[in-house]
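As a plain string of letters, each chain reads:
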Amino acid sequence: EARTLVLVKPDAVRRGLVGEVLRRIEAKGYTLVAAELRTADPALLEEHYAEHAGKPFFEPLVTFMSSGPVLAAVVAGERVVEGFRSLAGATDPTSAAPGTIRGDLGRDWGRPVTENLVHGSDSDESAAREISLWFPGL
Ligand code: ATP
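Here the structure is a predicted model, which means the values were calculated and not measured.

A. Layout of unusual backbone geometry. In the Ramachandran plot, Arg 79 falls in the positive-phi region, its phi being about 55° despite a non-glycine side chain. Position of Arg 79 relative to the elements: it lies in the loop between β3 (70-76) and α5 (80-88). In this structure Arg 79 comes out as exposed when scored by C-beta crowding, with 12 C-beta atoms within 10 Å. Within the chain, Leu 117 stands out as a residue other than glycine whose phi angle is a positive 75°. Here Leu 117 lies in the loop between α6 (101-105) and β4 (118-120). Judged by local crowding, Leu 117 falls into the buried class, with 26 C-beta atoms found within 10 Å.

B. Structural detail: the nonpolar core. Ranked by internal contacts, the top residues of the largest apolar core, which has 31 residues, are Val 6, Val 8, Val 70, Val 75 and Val 118. Of all elements in the fold, only β1 (3-8), α1 (10-14), α2 (18-28), α4 (58-65), β3, α5, α6 and α7 (124-134) reach the threshold of two or more residues within this core. In terms of residue count, the dominant contributor to this core is β3 (6 residues). Discounting chain neighbours no more than four positions away, the residues touching Val 118 are Val 6, Leu 7, Val 8, Lys 9, Ala 12, Val 21, Ala 88 and Ile 101.

How each quantity is defined
Residues numbered from 1 in each chain as written. Predicted model: local features only at pLDDT ≥ 70, side-chain atom pairs only at ≥ 80, totals over all residues. Helix = DSSP H or I, 4+ residues; strand = E, 2+ residues; numbered from the N terminus. Buried ≥ 20, exposed ≤ 12 C-beta atoms within 10 Å, placed from the backbone. Core = buried A, V, L, I, M, F, W, Y, C linked by C-beta atoms within 7 Å. Contact = placed C-beta atoms within 7 Å.

Okay, structure coming up:
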């Protein structure tokens, strides 16, 4: 069965939205395989976001993502990579469609990084790489 890595980002944890995000994942019919609340090391986040190294938002992104706990989760289900990205909505929460996590719960706060509540792997290959990074041995 397919798996994806979901991160409930520090902005969502601070706002008390962990339950709401997990509720939407479970209501869609996906299964939680693992979940852990933890404050990630910058080194882990630099690996996680390696494809963005060198971009102007890279350092602010790593700073934001290590600014407090994230809920890291492995979620399973048929075509779950695509399905969770559909649940999450577009990257920019201001224009993300209503009905999505970002569209319903997010907005622009005028801060340097796009604080958009959640991360989901963008392909099966990324999911495998990210799951081994966050949950070695799973
Ligand atoms: P994610 O990978 O977090 O699910 P995504 O695939 O929609 O989101 P990416 O393009 O992979 O977005 O960018 C990773 C993250 O970096 C975004 O979710 C956002 O938090 C931040 N980000 C992306 N582009 C910008 C930008 N132009 N300015 C500021 N932050 C950005």
